[in-house]
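Each chain, written out:
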Amino acid sequence: MFSLKNLVRDTSKISSPIISVVAGNGQITKSAVASGADMIIALNAGLYRNMGFGSLAAFMPYGNANDQTEQLLRQHILIHTKNTPVVAGVFAADSTQPIRNRLDRLKELGVEGITNWPAVGFIDGNFRSHLDAEGIDIYSEVEMLKQAKEFGFVTFGFALSAEEAFIFAKNGVDALILNVGLTFEIQDTIEKRNQLQLSITKAKEMLSRVHESGREPFSLIYGGSITEPEDFVEFFKQVPIKGYAGGSVFERFPVVETVNTRVRSFKSIFLEDHGTNHPEKFGTLIGSSPKMKNLFKLIQKIAPYDVNVCIGGESGTGKELVATQIHMLSSRKNNPFITVNCAAIPDTLVESEFFGYEKGAFTGATYRKLGKFELANKGTLFLDEIADLSPHAQAALLRVIQQGEIVTLGGQKPIPVDVRILCASNQNLEELVKEDKFRLDLYFRLSAITISIPPLRERIGDIPLLVANILNKLSIKFDKKLLGTTKDFMDQLKSNYWPGNVRELEQVVTRHSLIEDSPILQGDSTLFGEMTFPQQVVTLDKYQKAQKALIEAGYNKSKAALALGISRKTLYQWLESNN
């Protein structure tokens, strides 16, 4: 247990995220408390969510929102919270009684924190106009929170925009709950990643505006595309927040098992200091080998300049991680980073994916959809598997790069877009140009700078670092203690050829983490063997030996040849056997 007041006064002592569960019933509350949740948040939306309705229902005139929250507290939440702090939502415009009376009652119940809920920021259009006319706006919420602070409550400003976050911070709230979008499951991996990046971008905008207030209140993230602990890890890498508040994320069947697993998984994340320097890490890239250090230096040099970059490398080497790091070191870092898998775009959907479409543009177009260029405007667009674009798609891409504007399907007016393009391919684009399979003019537009990522077999000294990082992530994902590997298993990992590179290494370590019971992975030769490609290993054996000897000799070719018992000329032949 911790005191909410102590928490907001000193956030430097927090080593794991503050996890808050928005509970809609007693079972959720009981399970969340037992699993180590740091806070329970009581909102009347929880009652409606349990009936199958979204948060907007909390605004509807089905009853008094504050009465509903109080009923939820008395009948479902407080009887299960034990010593876990509770934050209650209070609607600022209660016509049935003075807010001070409500706050006084909540104080007697043992509630420690207050937030503005239902939050008017959820509402727009005519409904919002009528609320404003009645004096129900963010400033009425600010006044309610000021009264709550007078009663000794810790105050949480529930903000849905950068401007709201600024207003709450400027008026002295103790903490912020930053809503970064609706929570919903996305099955498509790339679309999930893009939506997560949009949520990250919104959070950055909100915190940037908060910084302008001159205050730095404790901040929790709410909503958005965070549905798994790994999503929160990615969020934290890019945004300096201290915790997460979720409702529907934790409300899954079976309830007890789901809440226990998810809360503990979120809690197990270690919040590193954003200013901490790790010599072997460069953003999400990991390595201390000479080739990786050279790669890191190159990224640092080119990232600040607004030029297009082409990233080459075998499958599984981490091309998207390189693209992400370039984005994070550029002047566009506070704007979206959007990914497109070019291999997955059918030729008939190129314009729709790249440029979006207007409502009514074709049968089934029931809303306006933003294309990837609009989503990435002012930010970075990462085109993965660029070599797989059809000639039609290449022409469409070249046109928008040259003109700096798009026209949506069904639209008439050109829309200016300001996008930096990073692309990646595991194929040799120059060779494809020679074979007339890729446009020369497009290649020159995309490859102002080219980067090549070394395969894993050329940096085997990085494998222990990579394995440690993988085990750390798996410990969070599986809620399982994973400390390392035996020397024999590590030697086995180092001696493999790794045609699938870091991605294959991660698959092997994941498999062993699942089947082994010990926190120190022992390795299983049968399982490990399933991940190798024997024929390729045999044909490239000399190349592999030469590379390993070079690394062990510090890239001194004479020493490497001596260690292998061959001449320098033979060493060169072995090195060229992979070409």
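**Remarks on the overall build of the protein**
Line of reasoning, step 1. Across its full length, the protein holds 26 helices and 21 strands.
Line of reasoning, step 2. Burial analysis of the protein (579 residues in total) assigns 52% to the buried set.
Line of reasoning, step 3. If you take every contact in the protein between residues at least 6 apart in sequence, the share linking residues at least 24 apart comes to 73%.
Line of reasoning, step 4. Summed over its atoms, the accessible surface of the protein is roughly 26400 Å², and 51% of this surface lies on carbon and sulfur atoms.

**Description of the packing of aromatic side chains**
Two numbers describe a pair of aromatic rings. These are the distance of the centres and the angle of the planes.
Line of reasoning, step 1. Applying the stated criterion across every chain, the model contains 13 aromatic pairs.
Line of reasoning, step 2. Here the aromatic rings of F158 and Y222 are separated by 5.1 Å at their centres, their planes lie at 70°, and the arrangement is edge-to-face. One end of the pair, F158, is in strand β5 (residues 154–159); the other, Y222, is in strand β7 (residues 218–222), and 64 residues separate them in sequence. The same class applies to F158 as to Y222, namely buried.
Line of reasoning, step 3. When the ring of F354 is compared with that of F373, the centres are 5.8 Å apart and the planes differ by 85°; the resulting orientation is edge-to-face. One end of the pair, F354, is in helix α14 (residues 350–355); the other, F373, is in helix α15 (residues 372–375), and 19 residues separate them in sequence.
Line of reasoning, step 4. F354 gets classed as buried once you look at its relative accessible area, which sits at 1%.

**Considerations on the sheet that holds strand β4 (residues 113–116)**
Line of reasoning, step 1. With parallel pairing, the eight strands of this closed barrel are ordered in space as β1-β2-β3-β4-β5-β6-β7-β8. Ignoring strand direction, the axes of neighbouring strands in this sheet form an average angle of 25°.
Line of reasoning, step 2. Strand direction decides the pairing type here: strand β6 (residues 175–179) and β7, joined by five bridges, are parallel. Paired with L176 across the two strands is S219, which belongs to β7.
Line of reasoning, step 3. Helix-sheet contacts for helix α4 (residues 65–77) involve β2 (39–42) and β3 (86–90), and the interaxial angle to β3 is about 155°.

**Structural notes on the nonpolar core**
Line of reasoning, step 1. If you look at the biggest cluster of nonpolar residues, it comprises 54 residues, and the most contacted ones within it are I114 and F235.
Line of reasoning, step 2. It is helix α9 (residues 189–212) that contributes the most residues to this core, six residues altogether.
Line of reasoning, step 3. Setting aside anything within four residues of it in sequence, one finds I114 in contact with V87, A88, V90, L103, L106, M144, L145, A148, F153, V154, T155 and F156.
Line of reasoning, step 4. One finds I345, A396, L397 and L429 within the second-largest nonpolar core, a separate group that totals 34 residues.

**Digging into the packing of helix α19 (residues 463–478) against helix α20 (residues 487–495)**
Line of reasoning, step 1. As a packed pair, α19 and α20 sit with axes 10 Å apart at the nearest point and diverge in direction by 115°. On the basis of the axis angle, α19 is roughly perpendicular to α20. With respect to the hand of their crossing, α19 and α20 are arranged in right-handed fashion. Within the contact between the two elements, α19 uses I463, P464 and V467 and α20 uses M490, L493 and K494.
Line of reasoning, step 2. Residues belonging to the contact of α19 with α20 are distributed by class as follows: five nonpolar, no polar and one charged.

**Describing the pairing of β2**
Line of reasoning, step 1. Across the two faces of β2 the burial is the same, with M39 and I41 and I40 and A42 all buried.
Line of reasoning, step 2. Note that strand β1 (residues 18–22) and β2 share three bridges and pair parallel. Bridge assignment links V22 to a residue of β2, and that residue is I41.
Line of reasoning, step 3. Viewed along the sheet, the connection from β1 through helix α2 (residues 26–34) into β2 turns out right-handed.
Line of reasoning, step 4. Inspection of the sheet shows β2 paired to β3 by three bridges, in the parallel sense. If you follow I40 over to β3, its bridge partner there is V86.

**Structural notes on the pattern of salt bridges**
Line of reasoning, step 1. Inspection of the entire model under this criterion finds 28 salt bridges.
Line of reasoning, step 2. Notably, a salt bridge pairs D94 with R102, separated by 2.9 Å at the nearest N-O pair.
Line of reasoning, step 3. With a relative accessible area of 12%, D94 lands in the buried category.
Line of reasoning, step 4. For R102, a relative accessible area of 1% gives the class buried.

**With respect to unusual backbone geometry**
Line of reasoning, step 1. Residue P118 is reached from W117 by a cis peptide bond, and omega for that bond is -5°.
Line of reasoning, step 2. The phi angle at D436 is positive, at roughly 60°, despite the residue not being glycine.
Line of reasoning, step 3. When you line up the elements, D436 lands in the loop between α17 (429–434) and α18 (440–446).

**Here's the deal with the environment of G172**
Line of reasoning, step 1. When you line up the elements, G172 lands in the loop between α8 (162–170) and β6.
Line of reasoning, step 2. The buried category is assigned to G172, whose relative accessible area is 18%.
Line of reasoning, step 3. Residues G172 and T155, 17 residues apart in the sequence, show an inter-C-alpha distance of 8.8 Å.

**Some remarks on the side chain of E351**
Line of reasoning, step 1. By the element assignment, E351 lies in helix α14.
Line of reasoning, step 2. Of the buried charged residues, E351 lacks a salt bridge, with R399 as the closest side chain of opposite charge at 4.6 Å.
Line of reasoning, step 3. Polar side-chain contacts of E351 include one of 3.0 Å to the side chain of H392.
Line of reasoning, step 4. Apart from the residues lying within four places of it in its own chain, the contact partners of E351 are G356, H392 and L409.

**Remarks on the packing of helix α12 (residues 290–302) against helix α13 (residues 319–328)**
Line of reasoning, step 1. Running from N to C, α12 and α13 cross one another at 40°; their axes reach a closest spacing of 9 Å. With respect to α13, the axis of α12 lies oblique. The two elements α12 and α13 meet at a crossing, and its hand is right-handed. Residues L295, I299 and I302 of α12 pack against V322, Q325 and I326 of α13.

**Digging into the environment of Y48**
Line of reasoning, step 1. Along the chain, the position of Y48 falls in helix α3 (residues 45–49).
Line of reasoning, step 2. According to the relative accessible area criterion, Y48 is buried, its value standing at 6%.
Line of reasoning, step 3. Taking the C-alpha atoms as reference, Y48 lies 6.8 Å from A58; in sequence the two are ten residues apart.

**Points about the sheet that holds strand β15 (residues 380–384)**
Line of reasoning, step 1. Across the sheet, five strands lie side by side as β12-β15-β18-β11-β19; this open sheet has parallel pairing. The two strands at the open ends of the sheet, each matched to only one other strand, are β12 (337–341) and β19 (449–452). Averaged over all neighbouring strand pairs, the angle between strand axes comes to 20°, with direction disregarded.
Line of reasoning, step 2. Inspection of the sheet shows β15 paired to strand β18 (residues 420–425) by four bridges, in the parallel sense. Bridged to L383 within β18 is C423.

What counts, and where the lines are drawn
Residues numbered from 1 in each chain as written. Predicted model: local features only at pLDDT ≥ 70, side-chain atom pairs only at ≥ 80, totals over all residues. Heavy atoms only, no water. Helix = DSSP H or I, 4+ residues; strand = E, 2+ residues; numbered from the N terminus. Buried < 20%, exposed > 50% of the residue type's maximum accessible area, 1.4 Å probe, protein only. Contact = heavy atoms within 4.5 Å. Areas by Shrake-Rupley, 256 points an atom, 1.4 Å probe, with all protein chains shown as cover. Phe/Tyr/Trp six-rings, centres within 6.5 Å; stacked < 30°, edge-to-face > 60°. Pairing = 2+ DSSP bridges. Axes fitted to C-alpha atoms, helices over the stretch in contact; angles between N-to-C directions. Core = buried A, V, L, I, M, F, W, Y, C linked by side-chain atoms within 4.5 Å. Parallel < 35°, antiparallel > 145°, perpendicular 65-115°, else oblique. Left-handed = near helix turned anticlockwise from the far one by under 90°. Nonpolar A, V, L, I, M, F, W, Y, C, P; charged D, E, K, R; others polar. Right-handed = clockwise from strand over helix to strand, strands pointing away. Salt bridge = Lys/Arg side-chain N within 4 Å of Asp/Glu carboxyl O. Lys, Arg positive; Asp, Glu negative; His and termini not counted. Polar contact = N/O pair within 3.5 Å; in protein donor to acceptor, adjacent residues only side chain to side chain.

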